[in-house]
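Remarks on the overall topology
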Amino acid sequence: MSSVSHPPQPALDSLATTCWQRLTAATDDHTDPWRTPAIATRSGNGAAVRTVVLRETQTAQRALSLHTDARSAKAGELAQAPQLSWLFWDAVAREQLRCQGRVTLHLADEVAETHWAQLTAGSRSNYRHHDAPATAISDPQTAAARRDDENTAYGRFLVVRCVVERMDWLHLDREGHRRARLIWTGDHWDAGWVAP
């Protein structure tokens, strides 16, 4: 018998609520493993996967948000194919959540302005880099010294907002894995168990 204590498993009818509570907690807690999910976009070479920071969870709107540089490859990929997949994994709880949905991009609008106002000075400085992400550089220190002003930085600050349409929840357990699929029907989450 395992000596590891596992959290109680959520009931199917409350699973969506449990998942959104967990996502909200990850937005607020910098140590939560769900705070830094992987996302997948469609690129010219197939799929592109990166780790991002979950910046906002809006349960009622079923929305998850992240920040990026408008000059980044992911911004271009999402403009071409506005669909996003998220992967959240907690190695201690052995719990995974995958989310999929449609994306809207917010650049120099009310949404971007609200998010920008909430950033620390250190976070804002990430958008002051003169060179666009993935630009070839000769020296990291020289490139880091090339900084633009804050107005220019704000002009390239992009909020990616994803309205989730599907979720796939998985809990790994030696006594039996459990997996459920949740699909938004227009007014509620239709949840059902599926084989792990």
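Look above for the structure.
This section reports on the structure supplied with the text. (Residues numbered from 1 in each chain as written. Predicted model: local features only at pLDDT ≥ 70, side-chain atom pairs only at ≥ 80, totals over all residues. Heavy atoms only, no water.)

The subject of this paragraph is the pattern of salt bridges. Applying the stated criterion to the full structure yields 11 salt bridges. Measuring nitrogen to oxygen at the nearest pair gives 3.0 Å for the salt bridge that ties E95 to R22. Placement of the pair is E95 in strand β6 (residues 95–107) and R22 in helix α1 (residues 15–28), with a sequence separation of 73 residues. Residue class for R22 comes out buried when judged on its relative accessible area of 18%. Three or more residues joined by partner-sharing salt bridges are found here, namely R22, D32, D90 and E95. (Salt bridge = Lys/Arg side-chain N within 4 Å of Asp/Glu carboxyl O. Helix = DSSP H or I, 4+ residues; strand = E, 2+ residues; numbered from the N terminus. Buried < 20%, exposed > 50% of the residue type's maximum accessible area, 1.4 Å probe, protein only.)

A separate point is the packing of aromatic side chains. Between two aromatic rings, the relevant description is the distance of the centres plus the angle of the planes. For the structure on display, the rule yields eight aromatic pairs. An angle of 85 degrees between the planes, with centres 5.1 Å apart, marks the rings of Y127 and F157 as edge-to-face. Of this pair, Y127 sits in the loop between α4 (121–125) and α5 (140–145) while F157 is found in strand β7 (residues 157–171), placing the two residues 30 residues apart along the sequence. Using a relative accessible area of 9% as the deciding quantity, one classes Y127 as buried. Positioned over the ring face of W34 is R22, at 4.2 Å from the centre of the ring. (Phe/Tyr/Trp six-rings, centres within 6.5 Å; stacked < 30°, edge-to-face > 60°. Lys NZ or Arg CZ within 6 Å of the ring centre and 35° of its normal.)

Moving on to the environment of R147. Turning to its location among the elements, R147 is positioned in the loop between α5 and α6 (150–155). It is 5.2 Å that separates the C-alpha atoms of R147 and H130, two residues lying 17 residues apart in sequence. Ignoring any residue separated from it by four or fewer positions in sequence, one finds R147 in contact with S125, R128 and H129. Separated by 3.0 Å, the side chains of R147 and H129 make a polar contact. (Contact = heavy atoms within 4.5 Å. Polar contact = N/O pair within 3.5 Å; in protein donor to acceptor, adjacent residues only side chain to side chain.)

Here helix α2 (residues 73–80) has its buried residues at K74, A75, E77 and L78. Viewed along the axis of α2, the buried residues span an arc of 165 degrees, placing them on a single side of the element. Exposed and oriented more than 90 degrees from the buried face of α2 are A79 and Q80. Its buried side turned inward, α2 meets β1 (38–43), β2 (46–51), β4 (63–69), β5 (83–90), β6 and β7. (Arc of directions from axis to C-beta.)

Turning our attention to the environment of W86. With respect to the element layout, W86 can be found in strand β5. For W86, a relative accessible area of 2% translates into the label buried. Spatially, the C-alpha atom of W86 lies 13 Å from that of R62, the residues being 24 residues apart in sequence. Setting aside its immediate chain neighbours within four residues, W86 contacts P37, A38, I39, V52, L54, L64, S65, L66, L97, R98, C99 and C162.

Another aspect to go through is unusual backbone geometry. Within the chain, R62 stands out as a residue other than glycine whose phi angle is a positive 60 degrees. Mapped onto the elements, R62 comes out in the loop between β3 (56–58) and β4. Classification of R62 by relative accessible area gives buried; the value is 14%.

Now for the pairing of β4. Taken across its seven residues, β4 has seven buried, putting it largely inside the fold. Burial along β4 is two-sided: A63, S65, H67 and D69 facing one way and L64, L66 and T68 facing the other are all buried. Connecting β3 to the antiparallel partner β4 that follows it, the hairpin turn spans four residues, and R62 within it adopts a positive phi of roughly 60 degrees. Pairing of β4 with β7, which is carried by seven bridges, proceeds in the antiparallel orientation. Within β7, the residue paired with S65 across the bridge is R161. (Pairing = 2+ DSSP bridges.)

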